[in-house]
Amino acid sequence: SDRSVTVIVKVCVVIPIFSVFLSFIILMLHTFASHCHFLESPRYILFTYMLVNDTLQLLTSVLLFLFVMAQVNFALVLCAPLLFFSTATFLNTPLILAVMSLERYVAICIPLRHVNIFSPNRTLIVIAIVWFLSFIKPFIDFLILLSAVSQGYFKRLNFCYYEIILLAKWHMMMRGNLYIMNYLA
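Within each chain, residue numbers correspond to sequence positions counted from 1 in written order. Residue-level local features of this predicted model are given only where pLDDT is at least 70; pairs of side-chain atoms are given and counted only at 80 or more, and the full residue set underlies all totals for whole chains, interfaces and linings. Each side-chain value is derived from all of the structure's non-hydrogen atoms; neither hydrogens nor water enter the calculation.

Engineer: Where do I start with the overall build of the chain in this structure?
Structural biologist: Of the regular secondary structure elements, the chain holds 8 helices and 2 strands. Projecting the C-alpha coordinates of the chain onto the three principal axes gives extents of approximately 60 × 40 × 25 Å. It only takes one pair of heavy atoms within 4.5 Å for two residues to be counted as in contact. Relative to all contacts within the chain whose residues are 6 or more apart in sequence, the contacts with residues 24 or more apart total 72%. The numbering of helices and of strands both runs from the N terminus, where a helix is a DSSP run of H or I of at least 4 residues and a strand a run of E of at least 2.

Engineer: I would appreciate a short explanation of unusual backbone geometry in the present structure.
Structural biologist: Residues other than glycine predominantly adopt negative phi, and peptide bonds predominantly adopt the trans conformation. Even without a glycine there, the phi angle at glutamine 71 is positive, about 55 degrees. Structurally, the position occupied by glutamine 71 is in the loop between α3 (42–69) and β1 (74–75).

Engineer: What exactly am I supposed to notice about helix α6 (residues 120–148) here?
Structural biologist: Since the α-helix advances by 3.6 residues per turn, residues separated by three or four positions end up pointing in the same direction. Its 29 residues give α6 an end-to-end C-alpha distance of 43 Å, which sits within 8% of 42 Å, the value for a rise of 1.5 Å per residue. Along α6, the helix axis deviates most sharply at isoleucine 136, where the bend reaches about 30 degrees; the proline proline 138 sits within four residues downstream. The buried label applies to any residue whose accessible area, calculated with a 1.4 Å probe on protein chains only, is under 20% of its type's maximum; exposed applies above 50%, and partly exposed to all values in between. If you check which residues of α6 are buried, you get Thr123, Ile127, Val130, Trp131, Ser134, Lys137, Pro138, Asp141, Phe142, Ile144 and Leu145. Contact partners of the buried residues in α6: α3, α4 (76–109), α7 (151–155) and α8 (169–184). The span one expects for a helix is its residue count, reduced by one, times 1.5 Å. Note that the bend at a residue is defined as the angle between axes fitted to the seven residues ending at it and the seven residues starting at it.

Engineer: Mind showing me how you'd approach the packing of aromatic side chains here?
Structural biologist: Here a ring pair, both rings aromatic, is described through the centre-centre distance and the interplanar angle of the planes. Whether two aromatic rings pair depends on their centres lying within 6.5 Å, for rings of Phe, Tyr and Trp, where Trp uses its six-membered ring; planes under 30 degrees apart make the pair stacked, over 60 edge-to-face, and the rest tilted. Enumeration according to the criterion identifies 12 aromatic pairs in this entry. Ring centres 6.2 Å apart and planes at 70 degrees place the aromatic pair tyrosine 49 and tryptophan 131 in the edge-to-face group. Taken together, the positions of tyrosine 49 in helix α3 and tryptophan 131 in helix α6 put the pair 82 residues apart, joining distant regions of the chain. Comparing tyrosine 49 with tryptophan 131 shows no difference in burial state: the two are buried.

Engineer: Explanation requested: the packing of helix α1 (residues 2–34) against α3 in the structure shown.
Structural biologist: How two helices pack is summed up by the angle between their axes together with the distance between the axes. Only the stretch in contact is used when a helix axis is fitted, and all axes are lines through C-alpha atoms; the angle between N-to-C directions ranges over 0 to 180 degrees. Where α1 meets α3, the closest approach of the two axes is 10 Å, and the angle between their N-to-C directions is 160 degrees. Judged by the angle between their axes, α1 and α3 are roughly antiparallel. Crossing angle aside, the handedness with which α1 passes α3 is left-handed. The residue classification treats Ala, Val, Leu, Ile, Met, Phe, Trp, Tyr, Cys and Pro as nonpolar and Asp, Glu, Lys and Arg as charged. All others, Gly included, are polar. Here the contact of α1 with α3 is built from residues that sort into 22 nonpolar, 2 polar and 2 charged. Convention used here: angles under 35 degrees read as roughly parallel, angles over 145 as roughly antiparallel, angles from 65 to 115 as roughly perpendicular, and any remaining angle as oblique. Helix crossings fall into two classes, left-handed where the near helix is turned counterclockwise from the far one by less than a right angle and right-handed where it is turned clockwise.

Engineer: I would appreciate a short explanation of the state of the cysteines in the present structure.
Structural biologist: Disulfides are covalent bonds that link the sulfur atoms of two cysteine residues. We call a pair of cysteine sulfur atoms a disulfide whenever their separation is within 2.5 Å. Evaluation of the coordinates by the stated rule reveals 1 disulfide. Note on cysteine connectivity: cysteine 79 is disulfide-linked to cysteine 160, with sulfurs 1.9 Å apart. Taking the sign of the torsion about the S-S bond as the criterion, the disulfide between cysteine 79 and cysteine 160, at about 100 degrees, is right-handed. Of this pair, cysteine 79 sits in helix α4 while cysteine 160 sits in the loop between β2 (157–158) and α8, and the two are 81 residues apart along the sequence. We note that cysteine 79, like cysteine 160, is buried.

Engineer: Any chance you could explain α1 here in plain terms?
Structural biologist: If you check α1, its first and last C-alpha atoms are 48 Å apart, about what 33 residues at 1.5 Å a residue would give, namely 48 Å. Listed in full, the buried residues belonging to α1 are Val7, Phe18, Leu22, Ile25 and Phe32.

Quick look at the structure:
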């Protein structure tokens, strides 16, 4: 049927592109791991962290894509962690870009204090803070879902996409407004 051909074409396009990107990312991560200079510089620590985040986002996105293309139904209890992680890595990207920009700003404008402000240990603390901030929005969505549905909802089989977590119209509007405020700030 036409649907089967469309699915096969989509998968045959996505998987090779995914493989090429993944191989480049692995090559860059190997390069960073093999030179100790890269592990001591905040600039390269942040870039490596961004590569890891992008890899995780790419993996979860392709996995979700394959589940939708194969029309796999999941219980929400199995789907929710994947959606949670996918959303957090998505939200992580602009935050890490902002931290990278701030690090370069400090390096250029306050070069004598840069070593004190962005030490490798402090850079790792900033990365932990960025992860925490990235998990806030999906965590709130899941708390709202937990308060709004019965336990049976988590056992019901569905496609694995984020909108099954957003049951109320106000919840969808709130999520959209939070994304707008996030990118305008």
